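Single-letter residue listing:
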Amino acid sequence: MTVAVIRAEGPQDVRRAVELLGGMGRFVSPGEKVLVKPNICAAKASETGAVTDPELVAEVCRLAAAQGAEVAVGESPIHPFRSSRVFPRAGYGDFRERYGFPLLDLDAAERVEIRIPGGVAVKEEVVAKPVLECDALINMPVMKTHLQTVVSLGLKNLKGVVPTRDKLIIHLRGLDQGIVDLNTVIRSRLIVVDGLVGMEGALGPTNGRPVRLGVIVAGDNVVEVDAACARIMGADPREIAHIRLAAERGLGRLQGFEVLGDGIEAVRREFELPARPDLNRMMISGFLLRMYDLLRRPLDRITGRAPSFRFGEVRLDAGKCDGCRICVKACPVEAVSMRGELPEIDAATCIACFCCAEACPQGALSRA
Ligand code: SF4
Ligand code: SF4
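Attention in this report is confined to the structure presented alongside it.

What counts, and where the lines are drawn
- Residues numbered from 1 in each chain as written.
- Chains lettered and ligands numbered in written order.
- Predicted model: local features only at pLDDT ≥ 70, side-chain atom pairs only at ≥ 80, totals over all residues.
- Heavy atoms only, no water.
- Pairing = 2+ DSSP bridges.
- Helix = DSSP H or I, 4+ residues; strand = E, 2+ residues; numbered from the N terminus.
- Axes fitted to C-alpha atoms, helices over the stretch in contact; angles between N-to-C directions.
- Buried < 20%, exposed > 50% of the residue type's maximum accessible area, 1.4 Å probe, protein only.
- Polar contact = N/O pair within 3.5 Å; in protein donor to acceptor, adjacent residues only side chain to side chain.
- Core = buried A, V, L, I, M, F, W, Y, C linked by side-chain atoms within 4.5 Å.
- Contact = heavy atoms within 4.5 Å.
- Parallel < 35°, antiparallel > 145°, perpendicular 65-115°, else oblique.
- Left-handed = near helix turned anticlockwise from the far one by under 90°.
- Nonpolar A, V, L, I, M, F, W, Y, C, P; charged D, E, K, R; others polar.

### Points about the sheet that holds strand 14 (residues 314-317)
Part 1: The antiparallel open sheet is built from three strands, whose spatial order is 13-14-17. Both outer strands of the open sheet, strand 13 (308-311) and strand 17 (365-367), are each paired with one neighbouring strand and no more. With direction set aside, neighbouring strand axes in the sheet form an average angle of 30 degrees.
Part 2: The pairing of strand 13 with strand 14 spans four bridges and is antiparallel. In the strand pairing of strand 14, Phe311 is matched with Val314.

### Examining helix 9 (residues 222-232)
Part 1: With 10 of 11 residues buried, helix 9 is to be regarded as a mostly interior element.
Part 2: For helix 9, the set of buried residues is Val222, Val223, Glu224, Val225, Asp226, Ala227, Ala228, Cys229, Ala230 and Ile232.
Part 3: Between a side-chain oxygen at the N-terminus of helix 9 and the backbone nitrogen of Val223 the separation is 3.0 Å; the capping residue is Asn221.
Part 4: Positive phi appears at Gly234, one or two residues downstream of helix 9, with a value of about 85 degrees.

### Considering the nonpolar core
Part 1: Core analysis: the biggest nonpolar cluster contains 56 residues, and Val131, Met143, Val217 and Val223 have the highest contact counts within it.
Part 2: Of the residues forming this core, the biggest block, eight residues, is contributed by helix 9.
Part 3: Aside from chain neighbours lying at most four places away, what touches Val131 is Leu35, Leu106, Leu137, Val161 and Ile186.
Part 4: In terms of nonpolar packing, the next biggest core, distinct from the first, is built from 48 residues, Cys61, Val73, Tyr99 and Leu196 among them.

### Here we look at the packing of helix 8 (residues 175-185) against helix 10 (residues 241-248)
Part 1: Running from N to C, helix 8 and helix 10 point in directions that differ by 45 degrees, and their axes come no closer than 9 Å. In terms of their interaxial angle, helix 8 and helix 10 are classed as oblique. When the axes of helix 8 and helix 10 are compared, the crossing they make is right-handed. Here Asp176, Gln177, Ile179 and Val180 of helix 8 come into contact with helix 10, specifically with Ala241, His242, Leu245 and Ala246.
Part 2: For the contact of helix 8 with helix 10, a count of residues per class yields five nonpolar, two polar and one charged.

As structure tokens, then:
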């Protein structure tokens, strides 16, 4: 199995990456139904590094359509975001009109409960029907960091085939193994990673800093593509739990695969990576938060800056929070409640999944 790593000036260069792998004809046959699964997790433009560049997605759709395939794009954003709001703000609002390929809202699609034979964390899962009906899935993640799983690449991108709130179940049962479980039954025939603009830092995958990398990585094995991307980002794939576990369960190799094109070292750029959470660190800030909430305006005037509060593994930057309540809906274990205008997290209930931080539109929540 082979990974192509190329320096890219723009989305059109994906053709070179796919050619290095033997051309799209290797992956897609005439008459097949192809579903392209980008990462459109949040209402952010691709220039932020949070979502896959729509031009890159369109370019891959064109390549597949040129083989005589029936091509559609599909995604379910982070819960509780609505696709109707996310898609336009991520540059996908007029995708069909602009490029001629339908964009399916997987949250609105029929849902099918599937069994995962040999599942370690997740033994059954709800999946959007178009994912199960396609002949070939083309997986198109962004090269970015993730505050719980360290990186979010091809393996992690498949969480978006699970609609709406059902995604949260994977967090409850064990995210790293759950990601691998999903990848044992939903297989990516081709993976194309958008490294044109990636994202780094502890606030990935939605609120980190953009990295203008100018790289496209493609391959036919999701573990090998993820391992190559991790190395490009300056990480050791053996230390990234879901990538290592996927390799241990026989889904691909962490090293020893062929790399074509410009190669990993030529494009390598150390990303600022989040540290793994330390689940033993617990400290409740509820009382301080409530006091601050009562006194916030006079306090802000005196100190000139709003304080931050630590709830176990989660930190709230009170100055950034606008009280939107999205974190309350995003939490799979109902650990978040509003105290006045600010959220409070029950650290004893919190499972440190960081769904709240991932969903926070203001970047007000982070790892403590
Ligand atoms: S922390 Fe973020 S998601 Fe939660 S209420 Fe504040 S701004 Fe909204
Ligand atoms: S409060 Fe804890 S359990 Fe709830 S979403 Fe945030 S990190 Fe996850």
